[in-house]
Amino acid sequence: MVVVALGAPGTILRSMSDRTERSRMTGLLEHPGYDEERLRRAAEQLSCRELQAGMLLSLMGEPQQYCYPSIFIYGHRASGKSHVINVLMKELELPHATVSCVECVSVALLFEQVLHSFFGCDVASLLPRSPSLTDFVRIYRQQSPAQQTRYVVVEKAELLRDADANLLPALLRLQELVEDNVTIILLSEIVWDTFRPNTGCFEPLLLHFPDYSKVELQQILSQDRHPSYSAELYSFYVNILLGVFYSVCRDLRELRHLAALNFSKFCEPLEEGKVKETDTHKLWKNIEPHLKKAMQTVYLREVSSLQWEQMQQTEDETGAPKGLSAHTHVELPFYSKFLLIAAYLASYNPARTDKRFFMKHHGKIKKTNFLKKNEKTTNHLLGPKPFPLDRLLAIFYSVVDGRVTPTASIFSQISSLVTLQLLAQVSHDDQLDSPKYKCAVSLEFICNISRTVNFDIMKYLYDFL
Amino acid sequence: MSKRKGNISHQPLGECISQVQRILRERFCHQKLTEGLEGVEAQHKHLEELLRRSAVYGESNSVLIVGPRGAGKSSLLRSVLQELLQEKEVQENLLQVHLNGLLQADDRIALKEITRQLHLENVVGDKVFGSFAENLAFLLEALKKGDRTSSRPVLFVLDEFDLFAHHKNQTLLYNLFDVSQSTQAPVAVVGLTCRLDVLELLEKRVKSRFSHRQIHLLSGLTFGQYLDRVRAQLSLPDEFCDSRFAQEWNASVKTLCEDKSVQDVLQRHFNCSKDFRSLHMLLMLCLSRVTLAKPAIKASDLLDVSRLFLADAKTNMLHGLSIVELCLIIAMKHLNDVYEGEPFNLQMVHNEFKKFLQRKSNSMYNFSQPVVVKAFEHLQQLELVRPVDGSPKTQREYQLMRLMVDHSQIMAALQKYPQCPTDIKQWALSAFA
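Please read all numbers here as calculations on a predicted model, not as lab measurements. (Residues numbered from 1 in each chain as written. Chains lettered and ligands numbered in written order. Predicted model: local features only at pLDDT ≥ 70, side-chain atom pairs only at ≥ 80, totals over all residues. Heavy atoms only, no water.)

1. Here we look at the overall build of chain B
And step 1. Scanning chain B from N- to C-terminus turns up 22 helices and 7 strands.
And step 2. Taking 22 Å as the expected radius of gyration for a compact globule of 433 residues, we find that chain B reaches 30 Å, considerably beyond that expectation.
And step 3. Judged by the C-alpha coordinates and their principal axes, chain B covers about 95 × 70 × 40 Å.
And step 4. Taken over 433 residues, chain B has a buried fraction of 52%.
And step 5. Sequence separation of 24 or more characterises 74% of the internal contacts of chain B that already satisfy a separation of 6 or more.
And step 6. Summing over all exposed atoms, chain B offers an accessible surface of approximately 20400 Å²; the carbon and sulfur share of this is 51%. (Helix = DSSP H or I, 4+ residues; strand = E, 2+ residues; numbered from the N terminus. Rg over C-alpha atoms; globule rule 2.2 N^0.38 Å. Buried < 20%, exposed > 50% of the residue type's maximum accessible area, 1.4 Å probe, protein only. Contact = heavy atoms within 4.5 Å. Areas by Shrake-Rupley, 256 points an atom, 1.4 Å probe, with all protein chains shown as cover.)

2. Notes on the side chain of His 44 of chain B
And step 1. With respect to the element layout, His 44 of chain B can be found in helix H2 (residues 41–57).
And step 2. Once residues lying within four places of it in the same chain are set aside, the contact partners of His 44 of chain B are Leu 76, Ser 79, Val 80 and Glu 83 of chain B.

3. Quick word on the domain arrangement of chain B
And step 1. By domain assignment, chain B separates into domain 1 (13–23 + 221–310), domain 2 (40–216) and domain 3 (315–432).
And step 2. Between the C-alpha centres of domain 1 of chain B and domain 2 of chain B the distance comes to 37 Å. (Domains from an automatic or database assignment.)

4. Brief notes about the UniProt feature "domain: Orc1-like AAA ATPase" (unreviewed entry) in chain A
And step 1. Feature annotation in UniProt places "domain: Orc1-like AAA ATPase" (unreviewed entry) on residues 46–185 of chain A, given in this structure's numbering.
And step 2. For residues 46–185 of chain A, the end-to-end C-alpha separation is 19 Å, with 44% helix and 15% strand making up the annotated structure. (UniProt positions renumbered as here; feature names shortened; annotations may be inferred.)

5. Focus on the interface of chain A and chain B
And step 1. Every contact between the two is made by 74 residues of chain A and, on the other side, 68 residues of chain B.
And step 2. Summed over both partners, the interface of chain A with chain B comes to about 6300 Å²; 56% of that surface belongs to carbon and sulfur atoms.
And step 3. At the surface where chain A touches chain B, the tally comes to 3 salt bridges.
And step 4. The partner of Arg 161 of chain A in a salt bridge is Glu 383 of chain B, and the shortest N-O contact between them spans 2.9 Å.
And step 5. When grouped by side-chain class, the residues that make up the side of chain A that touches chain B number 36 nonpolar, 21 polar and 17 charged. (Buried area = accessible area lost by both parts, 1.4 Å probe. Salt bridge = Lys/Arg side-chain N within 4 Å of Asp/Glu carboxyl O. Nonpolar A, V, L, I, M, F, W, Y, C, P; charged D, E, K, R; others polar.)

6. Quick word on the sheet that holds strand S5 (residues 205–209) of chain A
Backbone hydrogen bonds are what pair the strands of a sheet, in a parallel or an antiparallel way.
All names here are of chain A.
And step 1. Pairing is parallel in the open sheet, where 5 strands are placed in the order S2-S3-S4-S1-S5. Each edge of the open sheet is held by one strand with a lone partner, namely strand S2 (96–100) and S5. Recorded for the sheet is a direction-independent mean angle of 20° between the axes of neighbouring strands.
And step 2. Note: strand S1 (residues 70–75) against S5, 5 bridges, orientation parallel. For Tyr 74, the partnering residue across the bridge sits in S5 and is His 208. (Pairing = 2+ DSSP bridges. Axes fitted to C-alpha atoms, helices over the stretch in contact; angles between N-to-C directions.)

7. A short note on empty space enclosed by the protein
Residues and elements named next belong to chain B.
And step 1. Applying the stated criterion to the full structure yields 3 cavities of 30 Å³ or more.
And step 2. Empty space within the largest cavity amounts to approximately 40 Å³.
And step 3. Leu 346, Val 373, Phe 376, Glu 377, Gln 380, Arg 396 and Met 401 are the residues that line the largest cavity.
And step 4. Top contributing element to the lining of the largest cavity by residue count: helix H20 (residues 369–381), with 4 residues.
And step 5. For the lining of the largest cavity, the class distribution of residues is 4 nonpolar, 1 polar and 2 charged. (1 Å grid on protein atoms, 1.4 Å probe; cavity = no way out; pocket = protein on both sides within 12 Å on 5 of 7 lines; lining within 4 Å. Points joined across faces, edges and corners; volume = space filled by probe spheres on them.)

8. Description of the sheet that holds strand S3 (residues 154–159) of chain B
Residues and elements named next belong to chain B.
And step 1. Spatial ordering of the open sheet is given by S2-S3-S4-S1-S5, a layout of 5 strands whose pairing is parallel. For this open sheet the edge positions go to strand S2 (95–100) and strand S5 (214–216), each flanked by a neighbour on one side alone. Taken over all neighbouring pairs, the strand axes of this sheet differ in orientation by 15° on average, direction set aside.
And step 2. The pairing of S3 with strand S4 (residues 187–193) spans 6 bridges and is classified as parallel. Paired with Asp 159 across the two strands is Leu 192, which belongs to S4.
And step 3. On the sheet, H2 packs against strand S1 (61–66), S3, S4 and S5 and is oriented at approximately 155° with respect to S1.
And step 4. Across the face of the sheet, helix H5 (residues 107–117) comes into contact with S2 and S3 while running at roughly 150° to S2.

9. Describing the domain arrangement of chain A
And step 1. Entries for chain A in the domain assignment read domain 1 (34–208), domain 2 (214–313) and domain 3 (334–359 + 380–460).
And step 2. The gap between the C-alpha centroids of domain 2 of chain A and domain 3 of chain A is 46 Å.

10. A look at the pattern of salt bridges
Pairing is possible between side chains that carry opposite charge, provided their charged atoms lie close to one another.
And step 1. Tallying each qualifying case throughout the model produces 43 salt bridges over all chains.
And step 2. In this structure, the salt-bridge partner of Glu 268 of chain A is Lys 265 of chain A, at a minimum N-O distance of 3.9 Å. Pair noted here: Glu 268 of chain A and Lys 265 of chain A are both in helix H14 (residues 252–271), with a separation of 3 residues, about one helical turn.
And step 3. For Lys 265 of chain A, a relative accessible area of 9% corresponds to the buried category.
And step 4. Taking the shortest distance from any N to any O, the salt bridge between Glu 49 of chain B and Arg 53 of chain B comes out at 3.5 Å. With Glu 49 of chain B and Arg 53 of chain B both in helix H2, this residue pair falls 4 residues apart, about one helical turn.
And step 5. Exposure remark for Glu 49 of chain B: the relative accessible area of 44% places this residue in the partly exposed category.
And step 6. Via salt bridges that share partners, Arg 289, Lys 294, Asp 301, Asp 304 and Arg 307 of chain B belong to a single interconnected network.

11. Describing the packing of aromatic side chains
And step 1. What the rule picks out here adds up to 37 aromatic pairs over all chains.
And step 2. Between Phe 136 of chain A and Tyr 140 of chain A the ring centres are 6.2 Å apart and the planes differ by 75°, which places this aromatic pair in the edge-to-face class. Note that Phe 136 of chain A and Tyr 140 of chain A are positioned in helix H9 (residues 133–142) at a spacing of 4 residues, about one turn of the helix. By the burial criterion, Phe 136 of chain A is buried, and Tyr 140 of chain A matches it.
And step 3. A network of ring pairs unites the aromatic residues Phe 334, Tyr 335, Phe 338, Phe 357, Phe 358, Phe 396, Tyr 397, Phe 455 and Tyr 460 of chain A as a single cluster.
And step 4. Between Arg 161 of chain A and the ring centre of Phe 195 of chain A, over which it is positioned, the NZ or CZ distance is 5.2 Å.
And step 5. Arg 205 of chain B extends its terminal NZ or CZ atom over the ring of Tyr 174 of chain B, reaching a point 4.3 Å from the ring centre. (Phe/Tyr/Trp six-rings, centres within 6.5 Å; stacked < 30°, edge-to-face > 60°. Lys NZ or Arg CZ within 6 Å of the ring centre and 35° of its normal.)

12. Some points on helix H1 (residues 13–28) of chain B
And step 1. The end-to-end C-alpha distance of H1 of chain B, which contains 16 residues, comes to 22 Å, matching closely the 22 Å that a straight helix rising 1.5 Å per residue would cover.
And step 2. Most of H1 of chain B is tucked away: 13 of the 16 residues are buried. (Expected span 1.5 Å × (residues − 1).)

Next comes the structure, spelled out in structure tokens:
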């Protein structure tokens, strides 16, 4: 929609001569069918979304007129789709039913919620035990027809694709099936092309809610400023935050959360009296490394928000809590470590190279056969390959110093590695005589492990020759 | 400017606009019939004759109306019924049962619906029937009431006919066609479907009882007829409250249709699809721009709306990605170019991205692995990248994926991307990564 507005300046100038058009540009909503005061209140809450709200309002038309039977609104997360619809419905007091497909695991819940919102719980209780579409339509038709357009708002509509195959086409045609002035509005993150059933359906009107630009994000984020600090300080803070995070994340909800979490740290030097509000450079120097650390931890949900706030308070570097990924490093017994190293080598080295790496007297091997042909076959890009148990044990015996007797404890360690999900069993459970495994650890992990046992794994990896 | 005082037949402009909106919205959104559908006279006559024979003369018939979505099958049936029901004899006698394949997903449900629509619940009561056929026969027998010695003709309309063919054993279809072949009650079965190959779906015994009568609504419209249709859909009827306004409006519609740029736009839409529904959607969007300040549809409206209509959805979604995600998409595009569309995994994509960073020696986009993984997961959530149906047991970084966006969409998105860094644009445009 932003593209349409900017791409044809001539057309905008031509219609700019009218008062209503000018007011549309400045962000007021106008429509003859609705109360002006309510529209003004709605427009106040919908900053940066006036264009989309205006378009939606003009599609909806006057309350007693018909609207297009189904509208599909798509856009990124936190781009204001639910917000705009909810504000319009609430402020203009339109009869509506909001349903989230995440909640409605069965169609019965969906029908009940719609009937309840429109007609009250007496009608909703008329639904039989496991209602089908025909029951829903029948009960709806028995009710009195609408005085003004009723709206059914379905959020997270992409989950409708996984429901009953008839549900989506029937909902799109609801106006026709119940012969009433009802419009269904679908909100989703996914584009419409994946929703279309095989034999086609009633195509809804597609409406796109574009993402917020950097300026708009700044405007919206500056709105929840702290009351005890000035607006300029907060917008300066938001500016720094966007500078660090904008290239990684544009989700308004995440940015608001990060802004709220880190503001106290930003204001710390101000509270301690070390700097004044105008010392922008010092404030920036204080907060920027902190935000960078936030990107590695809170943004990735390595630490929870509560832990992050506690970390800020203690200011103690040594007591830094371990992130979630730190917990994947477990202490393994000696032979288990070598088994894991052997498994990694078996997964990532091709079988023909075992002779060269692990035998004492391997003789001459032609270099041309040995060297990599092209980059694509780097095993570290393709992923681990499965290997049989015999190969694992053969490599294990050659890698471990000293003699090892093949006792049951060695084999049980292999099973426990599988339970810890450091190895993955590829063959079927029934296949007992030659099970196959795959190594499921990363290069970093195995390097740490091999360092603890003084084993130089890089010398033995084919990809790093 | 907004109010005009005039004669008794003139209304203020606001009122006129409101009436225009009401009439046209009923036409576009609610499919209210305009007088006379052009281009389908032959089909109209055929269907009317068939239904008249059933309703008036007591003949049993079956027919299928076949046409693509939005071709006007329901409107055709409705206009024929409307005409027929104006005759007193038909209005008193004809019983209608409307079934929809989307709603009646089962034969049992369908039978209950038939019972309900024929108002025979009290007759059937708690009787237990052995089979579907017995039940249906009893229902039709029960219609032999009143003064007439023969039973009343029943019209069965089956919407989404192809869905009924998916029921178990096609019991409903078999019985309906069976009744229509035998000389019991006069029954007319009209099926509406969008599938051309609907007869292939029927079982042999069902097909043999069907009369094989099909009415096709494959429109052979020329562009001139399409333009006439646009004009007819936008014109106001003669009974409009303010005749002067109606004349002005119809004149402006006429000039609109003769405008060259508008004809180009309509030609583009005509080439995509000729049916009523997409036309109605386009005109609805134009209608929503008619306000008190601008009481007519202008050519610029149509141009803007058409641009909105034909905008690519995935390109719009690409516009909102963060820089890291955009870089990953470009890396995937390069992998697709070099390896000719073979599936890739995250490690390969990250490797490709790292190669770009090494060349540029720009530390601004040097993000750690977990941040890149989170960006990749976001792309997966938006379904711009989908896993190849393989085993889910592989590690997350090594699972094979395919890119669901193609080259032209990425290039179009890059043009419009706000403040796109030039080195990323150049990377995207370079032939080899």
